[in-house]
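Here is how the chains run, residue by residue.
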Amino acid sequence: MNSAWVRHLTWSRVGVAVCVGLIGFGALVALLPHHQAAAGPTLMPAPGGREGGQLSNVRAQELAAQQVAERFVTACDTTDPAQPAGDVATETALAPGLVVPRAVVGPAAWRTESRRTTVVLDPPGQPVAQPGGRVAVIVTGIMTVTSDSGLPEAVPVAERIALHLSPGGEASGWRVVDVGVGE
């Protein structure tokens, strides 16, 4: 450094140099690959201790939770004269110990023995972590109610299915532990 260089150094030039340095540092940080934890919280805890398989395990768990939630809603809400209460065997397998309310609220035609319901579900929402190791999946869609006594009616489906990961039983390991209707 010579004295001429120091004389040309002003506070504005120092400020510009600091800003350019910070912008360059920010661009460098944005371009470098990030560790998963730096990208934000995961929705669900991943089992296992390997870092490489952790992201794929989390995604597999999310898909399994979504599939169990869809199967459960379909089993509960799809009825016909042979199964007026829905597919109780599937409900019991996916939600052992959970008592599913059976009170149908709606027109009298919905409560007839000739009633049939079919469900067309939207893609389920992402599982969201809840306290106690649970996750919640929002399942929406349309239930079509038909009977011999009237025209078909379309009814919106909106259910929050709470699940808990437990060993054994179903291949996925997810069990339905709570159902919130209309949420």
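What to know about the overall build of the chain
Secondary structure summary: the chain contains four helices and five strands in total. Written out in order from the N terminus, the α and β elements of the chain read α-α-α-α-β-β-β-β-β. Counting over 183 residues, the chain shows a buried share of 27%. A separation of at least 24 residues holds for 51% of the contacts in the chain among residues at least 6 apart in sequence. By element, 66% of the accessible surface of the chain is carried by carbon and sulfur atoms, the whole surface being about 11400 Å².

What to know about the environment of Ala158
Tracing the chain through its elements places Ala158 in strand β4 (residues 150-165). A residue is classified by how much of its surface remains accessible, and Ala158, at 25% relative accessible area, is partly exposed. The spacing of Ala158 and Gly141 is 17 residues in sequence and 6.8 Å in space, taken between C-alpha atoms.

Here we look at the side chain of Asp77
With respect to the element layout, Asp77 can be found in helix α3 (residues 54-77). In this structure, Asp77 is in contact with Thr117, Val119, Met143, Val157 and Glu159, ignoring residues within four places of it in sequence.

Comments concerning the pattern of salt bridges
Evaluation of the coordinates by the stated rule reveals two salt bridges. A salt bridge links Glu62 to Arg59, with the nearest nitrogen and oxygen atoms 2.8 Å apart. Of this pair, Glu62 and Arg59 both sit in helix α3, three residues apart, roughly one helical turn. A salt bridge links Asp178 to Arg160, with the shortest nitrogen-to-oxygen separation between them at 3.4 Å. Of this pair, Asp178 sits in strand β5 (residues 174-181) while Arg160 is found in strand β4, placing the two residues 18 residues apart along the sequence. Take Arg160: its relative accessible area is 16%, and that puts it in the buried class.

Considering a nonpolar patch on the surface
A cluster of nonpolar side chains, Leu9, Trp11, Val14, Val18 and Leu22, forms an exposed patch at the surface whose accessible area comes to about 550 Å². Along the chain, the position of Leu22 falls in helix α2 (residues 11-31). The exposure class of Leu22 is exposed, given its relative accessible area of 58%.

Topic: the nonpolar core
Note that soluble globular proteins tend to have their nonpolar side chains buried in a common cluster. The biggest cluster of nonpolar side chains holds 22 residues, and the ones touching the most others in it are Phe72, Val139, Ile161, Leu163, Trp174 and Val176. Mapped by element, the contributors of at least two residues to this core are α3, β1 (116-121), β3 (134-147), β4 and β5. The element contributing the most residues to this core is α3, with seven residues. Setting aside residues up to four positions removed in sequence, Leu163 forms contacts with Ala65, Val68, Ala69, Gly133, Arg134, Val135, Val137, Trp174, Arg175, Val176 and Val177.

Overview of the confidence of the model for the chain
Model confidence for the chain is summarised by a mean pLDDT of 76, while 73% of its residues fall at 70 or above. Overall, residues 35-51 carries pLDDT values under 50, and its contacts beyond four positions in sequence, including any with other chains, amount to 21 contacts.

Here we look at the side chain of Gln66
With respect to the helices and strands, the residue Gln66 is situated in helix α3. Relative accessible area serves as the criterion here: at 7%, Gln66 is assigned to the buried category. Look past the residues within four positions of Gln66 in its chain and what remains in contact with it is Arg59, Pro124, Gly125, Gln126, Pro127 and Val137.

Focus: the environment of Arg59
We classify Arg59 as partly exposed; its relative accessible area is 38%. When neighbours within four sequence positions are excluded, Arg59 is seen to be in contact with Gln66 and Gln126. Polar contacts involving the side chain of Arg59 include one to the side chain of Glu62, which spans 2.8 Å.

Looking at the pairing of β4
The sheet contact formed by β3 and β4 spans 13 bridges and is antiparallel. Bridging across to β4, Val139 finds its partner in Glu159. Linkage of β3 to β4, two consecutive antiparallel strands, is achieved through a turn of two residues. Sheet topology note: the β4/β5 ladder contains seven bridges and is antiparallel. Note that in β5 the partner of Glu159 across the bridge is Val181.

Conventions adopted
- Residues numbered from 1 in each chain as written.
- Predicted model: local features only at pLDDT ≥ 70, side-chain atom pairs only at ≥ 80, totals over all residues.
- Heavy atoms only, no water.
- Helix = DSSP H or I, 4+ residues; strand = E, 2+ residues; numbered from the N terminus.
- Buried < 20%, exposed > 50% of the residue type's maximum accessible area, 1.4 Å probe, protein only.
- Contact = heavy atoms within 4.5 Å.
- Areas by Shrake-Rupley, 256 points an atom, 1.4 Å probe, with all protein chains shown as cover.
- Salt bridge = Lys/Arg side-chain N within 4 Å of Asp/Glu carboxyl O.
- Patch = residues over 30% accessible without salt bridge, like charges linked within 9 Å, V, L, I, M, F, W, Y side chains within 5 Å.
- Core = buried A, V, L, I, M, F, W, Y, C linked by side-chain atoms within 4.5 Å.
- pLDDT = per-residue confidence, 0-100.
- Polar contact = N/O pair within 3.5 Å; in protein donor to acceptor, adjacent residues only side chain to side chain.
- Pairing = 2+ DSSP bridges.

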